[in-house]
Amino acid sequence: MKKIIRDIFEQFRLIDAFRVDFKREFTQAFYQLTKQLYQLKRTPELDEYIDLMAKEALRFTEDVIEKDRHYAEYRLVDELKLMNAVLAKNKIPRTNKAEAQQVRFQLNELILKHYPALYELSSFGYRLLDRNVNFFTARFVRAMSDEIKHKKIAG
């Protein structure tokens, strides 16, 4: 029994270490992006937002992997339809396409590096992940654009 408990705690420790590593790399990459694309300086508000977005990237990636492994195909199709509808309402403005492409690239690179299970996704799982990445990108770009507008108005 002690060995089982020790093994469970070891698994928790490994999961925590994985999350810390992912968030560290995500934070570094996305601070660099906000500096490069938006000329934003690091603030407590930006720290909090990037931390939330790192958690969101972890959540939706793990969610897609789990759904792909355990959902029936018809449920994955329903998920795709839902995400397509959400994306249709959250399009990235044409003026932000170049920065969105950079955000999407950076996020995809981080996710693929940390989640080798993605290479085993079905076509539905891959498309669902892509829709989630696109939604994340739209939200991130919109938030950064709003921040720039706010700073120009306030500044």
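Just so we're clear, the structure is a prediction, and the values are computed from it rather than from any experiment.

Caption draft 1: Up close: a nonpolar patch on the surface. Together, M1, I4, I5, I8, F9, F12 and I15 make up an exposed nonpolar region whose accessible area comes to about 760 Å². Tracing the backbone through its elements, the reader meets F12 in helix 1 (residues 2-38). Take F12: its relative accessible area is 48%, and that puts it in the partly exposed class.

Caption draft 2: Expanded view of the packing of aromatic side chains. Going through the model one piece at a time under the given rule, you end up with 10 aromatic pairs. When the ring of F18 is compared with that of Y115, the centres are 5.2 Å apart and the planes differ by 80°; the resulting orientation is edge-to-face. Of the two residues, F18 is situated in helix 1 and Y115 in the loop between helix 4 (97-114) and helix 5 (123-154); the sequence distance between them amounts to 97 residues. Accessibility expressed as a relative area gives 27% for F18, which makes it partly exposed. Chaining the aromatic ring pairs together yields one cluster made of F18, F22, F26, F30, Y49, F60, Y115, F136 and F140. The side chain of R75 reaches across the aromatic face of Y71, ending 3.8 Å from its centre.

Caption draft 3: The arrangement of the side chain of T27 in detail. Residue position: T27 is located in helix 1. In this structure the side chain of T27 is engaged in a polar contact, spanning 2.7 Å, whose partner is the backbone oxygen of K23.

Caption draft 4: Structural view of the side chain of S145. Position of S145 relative to the elements: it lies in helix 5. Within the structure, S145 has its side chain in polar contact with the side chain of N96 (distance 3.0 Å). Non-local contacts of S145, meaning those with residues more than four positions away in its chain, are made with Y38, N96 and E99.

Caption draft 5: Highlighting helix 1. Between its terminal C-alpha atoms helix 1 stretches 52 Å, which fits the 54 Å expected from 37 residues at 1.5 Å a residue. Those residues of helix 1 that fall on the buried side of the exposure criterion are F22, E25, F26, T27, A29, F30, Y31, L33, T34 and Y38. Directly after helix 1, the chain includes Q39, whose backbone phi takes a positive value near 55°.

Caption draft 6: Up close: the confidence of the model for the protein. Here the protein averages 90 in pLDDT, and 97% of its residues register 70 or above. Here helix 5 stands out as the element of the protein with the lowest mean pLDDT, 85, in contrast to helix 2 (residues 44-70), whose mean of 95 is the highest.

Caption draft 7: Up close: the nonpolar core. F26, F30, F60, L107, F136 and F140 are the most contacted members of the largest nonpolar core, which totals 42 residues. For this core, the elements supplying multiple residues, two or more each, are helix 1, helix 2, helix 3 (73-89), helix 4 and helix 5. Per-element tally for this core: the top contributor is helix 5, with 11 residues. In contact with F60, not counting residues within four places along its chain, are L107, I111, L129, N132, V133 and F136.

Thresholds applied
- Residues numbered from 1 in each chain as written.
- Predicted model: local features only at pLDDT ≥ 70, side-chain atom pairs only at ≥ 80, totals over all residues.
- Heavy atoms only, no water.
- Patch = residues over 30% accessible without salt bridge, like charges linked within 9 Å, V, L, I, M, F, W, Y side chains within 5 Å.
- Areas by Shrake-Rupley, 256 points an atom, 1.4 Å probe, with all protein chains shown as cover.
- Salt bridge = Lys/Arg side-chain N within 4 Å of Asp/Glu carboxyl O.
- Helix = DSSP H or I, 4+ residues; strand = E, 2+ residues; numbered from the N terminus.
- Buried < 20%, exposed > 50% of the residue type's maximum accessible area, 1.4 Å probe, protein only.
- Phe/Tyr/Trp six-rings, centres within 6.5 Å; stacked < 30°, edge-to-face > 60°.
- Lys NZ or Arg CZ within 6 Å of the ring centre and 35° of its normal.
- Polar contact = N/O pair within 3.5 Å; in protein donor to acceptor, adjacent residues only side chain to side chain.
- Contact = heavy atoms within 4.5 Å.
- Expected span 1.5 Å × (residues − 1).
- pLDDT = per-residue confidence, 0-100.
- Core = buried A, V, L, I, M, F, W, Y, C linked by side-chain atoms within 4.5 Å.

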